[in-house]
Amino acid sequence: MPAWDLKDQAAVSGVGHSPYGKRLNRSTIDLAGEAIRNALDDAGLTRDDLDGLIVSFGTPIGADADTLAYALGLKLRMYNQTWAHGRFTATCIQNAAMAVSAGLANHVACLASVSFSGFRKPMMGGAGDNEGAREGGGGHGEDPVYGMTSPGAGAALVAQKYFHRYGATSRQLASVAVAFRKHAALNPAALMREPITVEDHQNSRYVCEPLHLLDYCQINDGAACVIVSRSDRARDLKKKPVYISGMQGLPAGREEFIWTHPGFGTSQQKVFDYKPDLQPVYQMAGVTQKEMSAFFTYDAFAILVWTALERWGYCKPGEAAAFTQDGRIELGGALPINTNGGLISEAHVMGWNHQVEIVRQLRGECGPRQIANAQLIQWGNAYGDSLIYRKG
Amino acid sequence: MAEYKKPLPAISSLSEPYWTGLKHRDLKLQRCNDCQTLWYPPGPFCPGCWSRTFTWQNLSGRGKVNSWVIFHQAYFSSVKDEIPYNVAEVELEEGPRLLTNLVGIDNADIKIGMPVEIVFDDVTEEVTLAKFRPLGGGSK
Ligand SMILES: [Zn+2]
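Colleague: Any chance you could explain the overall build of chain B here in plain terms?
Modeller: Summing up its helical and strand segments, chain B has 1 helix and 8 strands in all. Start at the N end of chain B and walk to the C end: the helices and strands fall as α-β-β-β-β-β-β-β-β. For 140 residues, the compact-globule estimate of 2.2 N^0.38 gives 14 Å, and chain B sits close to it at 16 Å. Seen through its principal axes, chain B has C-alpha atoms that stretch 45 × 35 × 25 Å. Counting over 140 residues, chain B shows a buried share of 46%. Taking as baseline every contact in chain B between residues at least 6 positions apart, the subset at least 24 positions apart corresponds to 52%. Here chain B displays about 6,900 Å² of accessible surface, and carbon together with sulfur accounts for 49% of that area.

Have a look at this one:
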């Protein structure tokens with residue numbers, strides 16, 4: 001039993017985002033400001049109520065916490081920022097939940113604001129592969145000396161091994177992109193809304209083989225924001241709170257490779273039959289996978305949906321390929337995944353757009369793509385962190 | 001030697017023996033003197049037992065393909081003329097895995113599990129890369 005039980009102590013009180021677009025030609029501070037203002041409006045809060053800020057993705061692609069506070073005239077009691085990686089969505093929300101529960105702040109805006117296509121230099125992949133040049137190596141298995149660059153290449157390495165180890169195929173993987181595109185078609189904010197077929201996926205060009213273009217996320221501009229408040233304060237606000245019932249941190253070490261679960265055997269991981277056992281996030285929330293109304297995950301590349309499903313015990317290693325067929329992960333299926341269209345078809349806002357969608361689903365605000373009677377939704381990633389949200 | 005335009009390694013005090021080894025036709029990694037763990041990439045501590053005493057050990061240079069990809073997109077202008085090119089993850093006989101390029105084989109013939117051996121590629125006067133080819137020599 002933890003010394004301090006944070007289950008349901010913090011809640012999301014507001015969500016908001018900027019438009020998402022391929023070339024918005026707007027600064028990341030501008031986009032962030034719009035997302036924060038929309039989230040505060042959604043909560044029924046004002047700028048003066050906001051006293052905490054956590055940014056998940058700053059320079060060189062996003063706006064930083066300190067410059068945002070300066071430009072937007074925020075008066076903060078605390079701010080924090082993770083380095084420029086998409087993997088920190090849950091970490092930021094966990095830190096906000098801890099901060100409001102501990103009284104370090106009343107209302108914390110958590111966000112990413114990104115401009116991939118704007119006037120900033122590319123950071124990941126190619127000549128700007130600062131990631132691959134880090135001492136100790138790139139976080140996605142980059143090794144530019146051998147031409148191994150870009151986060152997608154590490155995912156392609158996992159996909160190739162997955163196909164070989166389990167006899168799965170790219171054709172089966174197509175079901176992920178097809179499902180998310182169907183979801184995006186019901187989402188006015190999504191960038192890619194034209195339906196696609198398995199054949200379209202198979203006929204799309206390879207970027208890093210065996211991954212096709214349609215296995216890849218969007219590259220775009222946009223910002224999305226989540227306001228985390230202490231639950232008793234959130235209950236007095238405009239919208240019903242969405243409780244943060246379970247949290248699990250981001251694991252690291254030699255048995256971890258960002259795009260898969262332990263035991264898979266990529267990078268320096270050992271090879272063994274991974275068993276998800278009882279993950280702390282379920283214990284904290286007091287629920288099981290079976291109770292989830294939906295599952296959301298960081299789908300920068302379609303293969304991550306398979307490895308995430310296996311890491312979180314929705315199916316055993318090797319079974320995700322079959323699990324994702326026949327509409328099971330689509331709206332109306334047994335386990336809808338990424339009903340916003342995901343990073344693959346809505347937009348790539350570092351998973352913050354997924355948090356916005358989760359909250360709206362649990363409030364019943366999703367219109368034609370609403371999950372009937374949504375009660376509990378898990379955010380769980382291939383790289384091993386998670387949140388469980390509960391309807392207030 | 002024609003000017004080499006592709007990315008070169010950032011050689012640090014930690015990794016210098018690795019790169020010097022390649023230049024002298026030795027594939028060397030650190031082995032812990034206390035628990036015998038062999039590790040990659042180079043680092044100051046044994047990741048197994050946290051010992052700081054290790055020996056740079058010569059390895060066999062043989063291994064097998066653990067996974068591989070083909071780049072169809074040129075992220076660097078310097079590889080524009082080489083796409084589609086392969087990158088493989090080779091698992092050495094001794095355990096650690098390295099990212100590399102396979103030479104002497106058509107991309108279409110690459111298979112997971114295929115045995116490979118090291119080829120030393122002197123790309124500049126200072127830098128030698130560890131590439132691999134099918135065991136027993138390539139087909140081209
Ligand atoms: Zn040791």
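Colleague: What is the right way to look at the packing of helix 4 (residues 151–166) of chain A against helix 9 (residues 303–311) of chain A in this model?
Modeller: If you want to describe how two helices pack, look at the angle between their axes and the distance between the axes. Residue and element names in this part refer to chain A. With their axes 9 Å apart at the nearest point, helix 4 and helix 9 run at an angle of 65° to one another. With respect to their mutual orientation, helix 4 and helix 9 come out roughly perpendicular. Here helix 4 and helix 9 pass one another in a crossing that is left-handed. Residues Ala155, Val158, Ala159, Tyr162 and Phe163 of helix 4 lie in contact with helix 9, whose contacting residues are Ile303, Leu304, Trp306, Thr307 and Glu310. Along the lines of polarity and charge, the residues of the contact of helix 4 with helix 9 split into 8 nonpolar, 1 polar and 1 charged.

Colleague: Just to check I follow, could you spell out helix 1 (residues 28–43) of chain A for this structure?
Modeller: Since the α-helix packs 3.6 residues into each turn, any two residues three or four apart lie on the same face. All names here are of chain A. If you check helix 1, its first and last C-alpha atoms are 22 Å apart, about what 16 residues at 1.5 Å a residue would give, namely 22 Å. Here the buried face of helix 1 lies against strand 1 (10–17), strand 2 (52–55), helix 2 (65–72), strand 4 (107–115), strand 7 (221–230) and helix 12 (352–363). In this structure Ser27 caps helix 1, since a side-chain oxygen of it lies 3.3 Å from the backbone nitrogen of Ile29. Count one or two residues on from helix 1 and you reach Gly44, which has phi positive near 80°.

Colleague: How should the pairing of strand 4 (residues 62–71) of chain B be read in this particular structure?
Modeller: Working note: regular strand, side chains alternate between the two faces of the sheet. Burial analysis of strand 4 of chain B places 8 of its 10 residues in the buried class, which makes it a mostly covered element. The pairing of strand 5 (residues 206–209) of chain A with strand 4 of chain B spans 2 bridges and is classified as antiparallel. Bridging across to strand 4 of chain B, Glu209 of chain A finds its partner in Ile70 of chain B. Where strand 4 of chain B meets strand 7 (residues 115–122) of chain B, 3 bridges bridge the pair, whose relative direction is antiparallel. Within strand 7 of chain B, the position partnered with Gly63 of chain B by the bridge is Val116 of chain B. Inspection of the sheet shows strand 4 of chain B paired to strand 5 (residues 85–92) of chain B by 8 bridges, in the antiparallel sense. The residue bridging Val65 of chain B from the neighbouring strand is Val90 of chain B, located in strand 5 of chain B.

Colleague: Can you help me understand the confidence of the model for chain B in this one?
Modeller: Detailed reading of the predicted model is not advised wherever pLDDT is low. In the predicted model, chain B carries a mean pLDDT of 95, and 97% of its residues have values of at least 70. Across the assembled chains, the prediction reports ipTM 0.96 with pTM 0.96.

Colleague: Would you explain the coordination of the zinc ion in this entry?
Modeller: Any two of four tetrahedral donors ideally make an angle of 109.5 degrees at the metal, while pairs among six octahedral donors ideally make 90 or 180 degrees. Residue and element names in this part refer to chain B. Taken together, Cys32 (SG), Cys35 (SG), Cys46 (SG) and Cys49 (SG) make up the full set of protein donors to the zinc ion, lying 2.3 to 2.4 Å away. One can describe the site at the zinc ion as tetrahedral: its 4 donor atoms subtend angles covering 103 to 117° at the metal. Counting along the primary sequence, the residues that act as donors to the zinc ion give the motif C-x2-C-x10-C-x2-C. Residue Cys35 is found in the loop between strand 1 (28–32) and strand 2 (38–39), and its partner Cys49 is found in the loop between strand 2 and strand 3 (54–58); the two are separated by 14 residues along the sequence. For Cys35, a relative accessible area of 32% translates into the label partly exposed.

Colleague: Can you walk me through the sheet that holds strand 7 of chain A in this structure?
Modeller: In a beta sheet, neighbouring strands pair by backbone hydrogen bonds and run either parallel or antiparallel. Residue and element names in this part refer to chain A. Within the open sheet, the 9 strands sit side by side as 3-2-4-7-1-8-11-10-9. Their pairing is mixed. What marks the edges here is a single partner per strand, and that holds for strand 3 (78–81) and strand 9 (294–296). Strand-to-strand, the axes of this sheet are offset by a mean angle of 25°, without reference to chain direction. Note: strand 1 against strand 8 (residues 242–248), 2 bridges, orientation antiparallel. Counterpart to Ala11 in the pairing with strand 8 is Tyr243.

Colleague: For this particular structure, what's the right way to read helix 5 (residues 170–185) of chain A?
Modeller: Residues and elements named next belong to chain A. In this model, helix 5 (16 residues) spans 23 Å end to end at C-alpha, consistent with the 22 Å of a helix rising 1.5 Å per residue. When you tally the buried positions in helix 5, you get 12 out of 16 residues, the bulk of the element. For helix 5, every residue scored as buried is listed here: Ser170, Leu173, Ala174, Ser175, Val176, Ala177, Val178, Ala179, Phe180, Arg181, His183 and Ala184. Turning to helix 5, the residues buried within the fold contact helix 4, helix 6 (198–203), strand 6 (211–212), helix 9 and helix 11 (342–345).

Colleague: Could you clarify how one ought to interpret the domain arrangement of chain B in this entry?
Modeller: Size of an interface, as often reported, equals the accessible area lost when the parts are brought together. All names here are of chain B. Segmenting chain B into domains produces domain 1 (13–58) and domain 2 (60–140). The gap between the C-alpha centroids of domain 1 and domain 2 is 22 Å. Across the contact, 10 residues belong to domain 1 and 14 residues belong to domain 2. Here domain 1 and domain 2 share an interface that buries about 1,100 Å² over both sides, 68% of which is from carbon and sulfur atoms.

Colleague: How should I be thinking about the pairing of strand 7 of chain B in this particular structure?
Modeller: All names here are of chain B. Across 7 bridges, strand 7 lies against strand 8 (residues 128–134) in antiparallel orientation. Within the sheet, the bridge partner assigned to Val119 lies in strand 8 and is Lys131. Taking the residues that link successive antiparallel strands as the turn, the strand 7-strand 8 hairpin has 5 residues.

Colleague: Looking at this structure, how should I read the interface of chain B and chain A?
Modeller: Taken together, the 33 residues of chain B in the interface contact 34 residues of chain A. Summed over both partners, the interface of chain B with chain A comes to about 2,800 Å²; 56% of that surface belongs to carbon and sulfur atoms. When the buried surface of chain B facing chain A is broken down by residue, Tyr75, Arg97 and Leu99 of chain B rank first, second and third, together holding 22% of it. Here chain B and chain A share 0 salt bridges between them. Here chain B and chain A share 18 residue pairs in polar contact (both at pLDDT 80 or more) between them.

Rules used in this analysis
Residues numbered from 1 in each chain as written. Chains lettered and ligands numbered in written order. Predicted model: local features only at pLDDT ≥ 70, side-chain atom pairs only at ≥ 80, totals over all residues. Heavy atoms only, no water. Helix = DSSP H or I, 4+ residues; strand = E, 2+ residues; numbered from the N terminus. Rg over C-alpha atoms; globule rule 2.2 N^0.38 Å. Buried < 20%, exposed > 50% of the residue type's maximum accessible area, 1.4 Å probe, protein only. Contact = heavy atoms within 4.5 Å. Areas by Shrake-Rupley, 256 points an atom, 1.4 Å probe, with all protein chains shown as cover. Axes fitted to C-alpha atoms, helices over the stretch in contact; angles between N-to-C directions. Parallel < 35°, antiparallel > 145°, perpendicular 65-115°, else oblique. Left-handed = near helix turned anticlockwise from the far one by under 90°. Nonpolar A, V, L, I, M, F, W, Y, C, P; charged D, E, K, R; others polar. Expected span 1.5 Å × (residues − 1). Polar contact = N/O pair within 3.5 Å; in protein donor to acceptor, adjacent residues only side chain to side chain. Pairing = 2+ DSSP bridges. pLDDT = per-residue confidence, 0-100. Donors = N, O, S within 2.8 Å, 3.2 Å for Na, K, Ca; no water. Tetrahedral: all angles 85-135°; square planar, octahedral: opposite > 155°, others 65-115°. Domains from an automatic or database assignment. Buried area = accessible area lost by both parts, 1.4 Å probe. Salt bridge = Lys/Arg side-chain N within 4 Å of Asp/Glu carboxyl O.

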